[in-house]
Amino acid sequence: MSHKNLTIDPRSGFCKSNSVFYSKRKPCPHPPNHSLDVTTFISSRAHHGKIAFIDASTGRHLTFADLWRAVDSVATCLTDIGVRKGHVILLLSPNSIYFPVVCLAVMSIGAVITTTNPLNTTREIGKQVADSKPILAFTTRQLVPKLAESTLPIVLLDEDEPSQSQSQQYVKSAKILTTLSEMLKKQPSERRVRDRVNQEDTATLLYSSGTTGASKGVVGSHKSLIAMVQIVLGRFNLTEGEHRFICTVPMFHIYGLAVFALALLASGTTVVILSKYEMHDMLSAIEKYRITYLPLVPPILVALVNGADQIRSKYDLSSLQSVLSGGAPLSKEVIEGFVERYPTVTILQGYGLTESTGVGASTDSLEESRRYGTAGLLSPFMEGKIVDPESGEALPVNRTGELWLRGHSIMKGYFGNAEATANTLDAEGWLKTGDLCYIDDDGFIFVVDRLKELIKYKGYQVPPAELEALLLTHPEILDAAVIPIPDKEAGQCPMAYVVRKVGSSLSESAIMEFVAGQVAPYKRIRRVAFTTSIPKNQSGKILRKDLIQLATSKL
């Protein structure tokens, strides 16, 4: 990673001799201690923070002292029941103040945390369980039915007496090992056997939406998480006690997990947690807890712009200093509209992938954000390349190609999938992002298009191939293709082109219902069009661009 003897253009960060773009950000040195886990790294950061997490709806909170005591107690219990280094633990839960406790405890003993979306169906969760082979699951009473197909021992996260509901019968029949509150009573043991954990060891197994249909487990190391924590701390100038973040994004996702469950703990900052996003709850919490930093995805930002007059008359948002947007670049209209309506709030943008531990590039000031459409400058210690997808040639400034990234925060690979890993990570450690980008004369990255075919619905990633495979299981469907169509509120929506079998009178609504019954709500097909054939190239790949052109010409 050293580039001492290279001639680098100070303006763009580009080096002609090797065609690599280097970060212009102030470097943050990576800890040299090889025997270091991310939990120890975060807990050893000296700060004067008092309260770590607050539950927005109940006001319950964890001080930093409570948090680290809880992490130790849970880690001791896990060790006592036989969890060891390398074992996978599943966490199926909405956002809560205990979500970070479970993650930190699991990783502190060298075990691996795998998270999943509570909106996913039993079938979708079952596939992840079959792939990752966890030995234990943490979940809530309400979500126990979603693990009905597995025989996993369960630790219940909530204590509430369940109502006479469907979930109660599942709780009775499930293999409940203990509850989190019982674990929290445990005195941390000084004598517990601890495997030595190294930076290269696996810490997380997060499932990204695979464009090939099957979701892939992204293997994250302690090293990649430590690098991410360093980058996040370097990005925000957080004077202790003065800043409060609100977590509106899901903690099972890399953005929520990396920044809100882990990185901000190292700064002593308070994080207010919403169990699920709802506009009124978010705005009320900003007012009540005097939030200074608001992370969001572009559709929420658009809603804040469109409803500005009503919002400002109803809620006191005067404490707000910055909004952090991720998931998709913001347009000039949205940025200008926001700045006009909320003149005291700075917009910061970030770009990252699950495969890069959520970091890659960012804008760290309003001035940087005003380069409309940019994803920002490369994160500290991140290297970039722009590669022509056809020829494989590395390109200079202002030329469009696929963005490749290299740095400490890049994943180890895809779990149990050597082929997918080889297609995404090259021998020199470059991650092929699947995004078509260019880097301008000042080192700013602009995302032009996606090589990957993921549909971005309200910040969620929807793989078209998964929906296509599902549609083809319908007895009356001969062929199908799924494409993104632009949507003002959601960003993009999944639309299906369907070829019906001869004699079938299958309706659009019947197709939408068929899919809705088997996938999480954000993956539902929102529009259907019938066609006589699906356009494909010689190797049989669907020509989605042709269908997108056809669909958008009719909008």
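What comes next is a walk through the structure. As the structure is a prediction and not an experimental result, all values here were calculated from the model.

**A look at the overall build of the chain**
- Secondary structure summary: the chain contains 17 helices and 29 strands in total.
- For 555 residues, the compact-globule estimate of 2.2 N^0.38 gives 24 Å, and the C-alpha radius of gyration of the chain, at 24 Å, lies within 12% of that figure.
- Its C-alpha atoms give the chain principal-axis dimensions of roughly 65 × 60 × 55 Å.
- Every one of the 555 residues in the chain was classed for burial, and the buried ones make up 55%.
- A fraction of 67% describes how many contacts in the chain between residues 6 or more apart in sequence connect residues 24 or more apart.

**A short note on the environment of I89**
- The residue I89 is located in strand 5 (residues 88-92) in this model.
- For I89 and I113, which are 24 residues apart along the polypeptide, the C-alpha to C-alpha distance reads 5.1 Å.
- When residues no more than four places from it in sequence are discounted, the contact partners of I89 are V83, V106, A111, V112, I113, T114, P134, I135, L136 and F138.

**Here we look at the packing of aromatic side chains**
- Counted by the stated rule, this structure contains nine aromatic pairs.
- A centroid spacing of 5.5 Å and a plane angle of 70 degrees characterise the contact between F236 and F245, whose relative ring orientation is edge-to-face. Comparing F236 with F245, the two get one shared label, buried.
- Taken together, the ring pairs in this structure connect F236, F245, Y255, F260 and Y293 into an aromatic cluster.
- Above the face of the F530 ring, R500 is positioned so that its terminal group lies 3.7 Å from the ring centre.

**Examining the environment of V447**
- Tracing the sequence through the fold places V447 in strand 24 (residues 444-450).
- For the pair V447 and R544, spaced 97 residues apart in sequence, the C-alpha to C-alpha distance is 19 Å.

**Some thoughts on helix 3 (residues 99-108)**
- Of all ten residues in helix 3, ten are buried, a share of seventy percent or more.
- F99, P100, V101, V102, C103, L104, A105, V106, M107 and S108 are the residues of helix 3 that are buried.
- Of the residues trailing helix 3, G110 is marked for its positive phi of about 85 degrees.

**Here's the deal with the side chain of S322**
- Among the structural elements, S322 can be located in strand 15 (residues 322-325).
- In contact with S322, not counting residues within four places along its chain, are T292, Y293, L294, V345, T346 and L348.

**Structural notes on empty space enclosed by the protein**
- Tallied over the entire structure, the rule returns five cavities of 30 Å³ or more.
- Each pocket or cavity is described by its volume, and for the largest cavity that value is around 90 Å³.
- If you trace the largest cavity, you find it lined by C28, H30, A227, Q230, I231, P380, F381, M382, G407, H408 and S409.
- Per-class residue counts for the lining of the largest cavity are six nonpolar, five polar and no charged.
- Considering only enclosed or pocket space, the second largest cavity measures out at about 50 Å³ in volume.
- Contributing to the lining of the second largest cavity are T204, L206, V218, V219, G220, L225, I254, T354, E355, T357 and M411.

**Focus: the environment of V232**
- Tracing the backbone shows V232 in helix 7 (residues 222-235).
- In sequence terms V232 and V74 are 158 residues apart; their C-alpha atoms lie 26 Å from each other.
- When neighbours within four sequence positions are excluded, V232 is seen to be in contact with V259, A263 and L264.

**Describing the pairing of strand 5**
- In terms of burial, strand 5 is a largely internal element, five of the five residues being buried.
- Direction of pairing for strand 5 relative to strand 6 (residues 112-116): parallel, over a ladder of five bridges. Each residue of the ladder has a partner; that of L92, found in strand 6, is T116.
- The parallel pair strand 5 and strand 6 is bridged by helix 3, and the resulting crossover is right-handed.

**Things to note about the pairing of strand 19 (residues 383-387)**
- The element strand 19 is largely enclosed, with a buried count of five among its five residues.
- Across the two faces of strand 19 the burial is the same, with E383, K385 and V387 and G384 and I386 all buried.
- The sheet contact formed by strand 2 (residues 20-22) and strand 19 spans two bridges and is antiparallel. Residue pairing across strands places F21 opposite G384, the latter belonging to strand 19.
- Looking at chain direction, strand 19 and strand 21 (residues 401-406) are connected through five bridges and run antiparallel. Residue pairing across strands places K385 opposite W404, the latter belonging to strand 21.
- Connecting strand 19 to the antiparallel partner strand 20 (residues 394-395) that follows it, the hairpin turn spans six residues, and G392 within it adopts a positive phi of roughly 80 degrees.

**Brief notes about the side chain of S73**
- Relative to the elements of secondary structure, S73 occurs in helix 2 (residues 64-80).
- For S73, the residues in contact, after removing those within four places along its chain, are M183, L184, K186 and P188.

**Some details on the state of the cysteines**
- Per the stated rule, a full pass over the model turns up zero disulfides.
- This cysteine, C103, is not joined by any disulfide, and C247 carries the nearest cysteine sulfur, 12 Å off.
- According to the relative accessible area criterion, C103 is buried, its value standing at 0%.

**Focus: unusual backbone geometry**
- Located in the positive-phi region is K133, a residue other than glycine, with phi close to 50 degrees.
- Structurally, the position occupied by K133 is in the loop between helix 4 (122-132) and strand 7 (136-139).
- Within the chain, N398 stands out as a residue other than glycine whose phi angle is a positive 60 degrees.

**Quick notes on the pattern of salt bridges**
- Throughout the structure, instances matching the rule amount to 17 salt bridges.
- With a shortest N-O distance of 2.3 Å, E468 and R544 are connected by a salt bridge. With E468 in helix 15 (residues 464-471) and R544 in helix 17 (residues 544-553), this pair connects stretches of sequence that are 76 residues apart.
- What makes R544 buried here is its relative accessible area of 9%.
- What you see here is one network of salt bridges that share partners, running through R11, R371, D440 and D442.

What counts, and at which threshold
Residues numbered from 1 in each chain as written. Predicted model: local features only at pLDDT ≥ 70, side-chain atom pairs only at ≥ 80, totals over all residues. Heavy atoms only, no water. Helix = DSSP H or I, 4+ residues; strand = E, 2+ residues; numbered from the N terminus. Rg over C-alpha atoms; globule rule 2.2 N^0.38 Å. Buried < 20%, exposed > 50% of the residue type's maximum accessible area, 1.4 Å probe, protein only. Contact = heavy atoms within 4.5 Å. Phe/Tyr/Trp six-rings, centres within 6.5 Å; stacked < 30°, edge-to-face > 60°. Lys NZ or Arg CZ within 6 Å of the ring centre and 35° of its normal. 1 Å grid on protein atoms, 1.4 Å probe; cavity = no way out; pocket = protein on both sides within 12 Å on 5 of 7 lines; lining within 4 Å. Points joined across faces, edges and corners; volume = space filled by probe spheres on them. Nonpolar A, V, L, I, M, F, W, Y, C, P; charged D, E, K, R; others polar. Pairing = 2+ DSSP bridges. Right-handed = clockwise from strand over helix to strand, strands pointing away. Disulfide = S-S within 2.5 Å. Salt bridge = Lys/Arg side-chain N within 4 Å of Asp/Glu carboxyl O.

Such coordinate-based values are descriptive only and should not be taken to indicate function.
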